[in-house]
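If you want the building blocks of each chain, they are given just below.
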Amino acid sequence: MFVLLFFLFGCFSEQGFTHEVVKEVEVYIYDTAYVEVEVEVEVEVEVEVEVEVPEQYPLWVQSVVQPKLANGIDILWVVDPSGSMINDMPRVVDGVAQMMAALPTNIFWRLEIISTDRLANSNMSSFPLLPGDSATDAQASLNNNISGHREGGLEAVHRFATENIDALQWLRHDAALLVVFVSDENDHSHSSSNVNDPASFISWVQNYRETVYVTAIVNQDVSISECPTQFNANLDVGIDYMDVANYFGGVIIDICADDWSQGVAQASSQLQLVEEIQLDYVPVSDQHIEVFVRGVIWNDWIYDAATNTIIFTVIPTEESLIEVVYNYQ
């Protein structure tokens, strides 16, 4: 809308007359108006986003230490001479022969068969079997060395290693030591002996040798024995020998088994450098496997899926700690 305003201006002429000048002014007054305008403004907005997270697989670590074998291996088969062992003696000879055949050819070993009778061992005169000897030589050694009746294998090893004149000549204190106990009864070492139970034997033998392996060929618990009704479950299970073997991560063989060859081969395999590792579980893939040697990533290996085995293309050296780390299904 608009309003007309009139202003009067008075003017005087030279003659004194006046006249009016009327001037018309138009003034416009506008009403206030509001207009909506779209404006883009940045603001923070919480948005719920669904992210797909891959399934988490458990992690497993397997480790093994390469043996120290450069200085050779001394092996003692410690055999129960009692009458109940007569039927087992042929398998003892077979077991010794199988071990000699399975031992690595590039490591110098010496093997002696001794009795669990400490007194018989102290006075025994014999020289160990060496690479190239045969099953016939093993039989002759068994016939010559196994005598007496005592069944204390733990103290027998101690007495033989520290008192037998021949043993003091050929046993090497810088070599690895493998002890194979063979008995159809538990250990009965004399209480007066310095070494008469698993704890005292372990303590002594660890001071005696830096590298120790133990195998026990004994009666096992009746729940797993291959001849549970043929022995006294309370007296004849080789608990002490198995305790020592387990402490050293060794091999246990059922003395009732018709064939000891598999266990003997497993015991022999401890005495050579590890060339492959059978995995406990199946890895998610070979991309989920890492191998460390002495704490450093080791790339010289392949994974054989068919056998679930790590195979080394370059063998880690003696005394190396090998660790296989992997996610498994």
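What you see is a predicted model; the values in this text were computed from it and never measured.

**Let's talk about the sheet that holds strand 11 (residues 296–297)**
So, point 1. Spatially, 3-14-10-11 is the arrangement adopted by the 4 strands of the open sheet, whose pairing is antiparallel. Two strands in the sheet have a free side with no partner beyond their single neighbour: strand 3 (59–65) and strand 11.
So, point 2. With 2 bridges joining them, strand 10 (residues 289–293) and strand 11 adopt antiparallel strand pairing. The residue of strand 11 that forms the bridge with F292 is I297.

**Side note on a negative patch on the surface**
So, point 1. A cluster of acidic residues, D94, E226, D258 and D259, forms a negative patch on the protein surface.
So, point 2. Note on placement: D258 falls in the loop between strand 8 (251–254) and helix 8 (261–269).

**Thoughts on the pairing of strand 6 (residues 176–182)**
So, point 1. Counting buried residues along strand 6, 7 of its 7 residues qualify, which places the element largely inside the surrounding structure.
So, point 2. Side chains of strand 6 alternate between two faces, with A176, L178, V180 and V182 and L177, V179 and F181 buried alike.
So, point 3. Bridge count for strand 4 (residues 73–79) against strand 6 is 7 bridges, and the pairing is parallel. Within the sheet, the bridge partner assigned to W77 lies in strand 6 and is V180.
So, point 4. Of the strand pairs in this sheet, strand 6 and strand 7 (residues 212–218) are connected by 6 bridges, and their pairing is parallel. From the neighbouring strand, V179 faces strand 7, where its bridge partner is V214.
So, point 5. Handedness of the strand 6-helix 6 (residues 198–208)-strand 7 crossover: right-handed.

**Let's talk about the sheet that holds strand 7**
So, point 1. If you trace the 5 strands from one edge of the open sheet to the other, you get 5-4-6-7-8, paired in parallel fashion. Strand pairing shows two members of the sheet lacking a second neighbour, strand 5 (109–115) and strand 8, which therefore form its edges. In this sheet, neighbouring strand axes are inclined to one another by 15° on average, regardless of whether the strands run parallel or antiparallel.
So, point 2. Against the sheet, helix 7 (residues 239–247) makes contact with strand 6, strand 7 and strand 8, and its axis sits at roughly 145° relative to strand 7, the strand it touches most.

**As for helix 7**
So, point 1. Turning to helix 7, its buried residues are D240, Y241, M242, V244 and A245.
So, point 2. Where helix 7 is buried, its residues touch helix 4 (153–163), strand 6, helix 6, strand 7 and strand 8.
So, point 3. Once helix 7 finishes, G249 follows within two positions and takes phi at roughly 65°, a positive value.

**What about the packing of helix 1 (residues 89–102) against helix 8?**
So, point 1. Contact geometry of helix 1 with helix 8 gives a least axis separation of 9 Å together with a crossing angle of 40°. Viewed along their axes, helix 1 and helix 8 adopt a mutual orientation that is oblique. Judged by the twist between their axes, the crossing of helix 1 over helix 8 is right-handed. Note on element contacts: helix 8 touches helix 1 through S261, V264, A267 and S268, opposite G95, Q98, M99 and A102.
So, point 2. Partitioned by chemical class, the residues of the contact of helix 1 with helix 8 number 4 nonpolar, 4 polar and no charged.

**Quick look at the confidence of the model for the protein**
So, point 1. Per-residue confidence for the protein averages 85 on the pLDDT scale, and 83% of its residues sit at or above 70.
So, point 2. Between residues 1–23, whose pLDDT stays under 50, and residues either more than four places distant or in other chains, the model counts 34 contacts.

**Concerning the side chain of T215**
So, point 1. Within the element layout of this structure, T215 appears in strand 7.
So, point 2. Residue classification places T215 among the buried positions, given a relative accessible area of 1%.
So, point 3. In this view, T215 contacts L178, V179, V180, F181, V251, I253, A267 and Q270; residues no more than four positions away in its chain are not counted.

Thresholds, definitions, all that
- Residues numbered from 1 in each chain as written.
- Predicted model: local features only at pLDDT ≥ 70, side-chain atom pairs only at ≥ 80, totals over all residues.
- Heavy atoms only, no water.
- Pairing = 2+ DSSP bridges.
- Helix = DSSP H or I, 4+ residues; strand = E, 2+ residues; numbered from the N terminus.
- Patch = residues over 30% accessible without salt bridge, like charges linked within 9 Å, V, L, I, M, F, W, Y side chains within 5 Å.
- Areas by Shrake-Rupley, 256 points an atom, 1.4 Å probe, with all protein chains shown as cover.
- Salt bridge = Lys/Arg side-chain N within 4 Å of Asp/Glu carboxyl O.
- Lys, Arg positive; Asp, Glu negative; His and termini not counted.
- Charge placed at Lys NZ, Arg CZ, Asp CG, Glu CD.
- Buried < 20%, exposed > 50% of the residue type's maximum accessible area, 1.4 Å probe, protein only.
- Right-handed = clockwise from strand over helix to strand, strands pointing away.
- Axes fitted to C-alpha atoms, helices over the stretch in contact; angles between N-to-C directions.
- Contact = heavy atoms within 4.5 Å.
- Parallel < 35°, antiparallel > 145°, perpendicular 65-115°, else oblique.
- Left-handed = near helix turned anticlockwise from the far one by under 90°.
- Nonpolar A, V, L, I, M, F, W, Y, C, P; charged D, E, K, R; others polar.
- pLDDT = per-residue confidence, 0-100.

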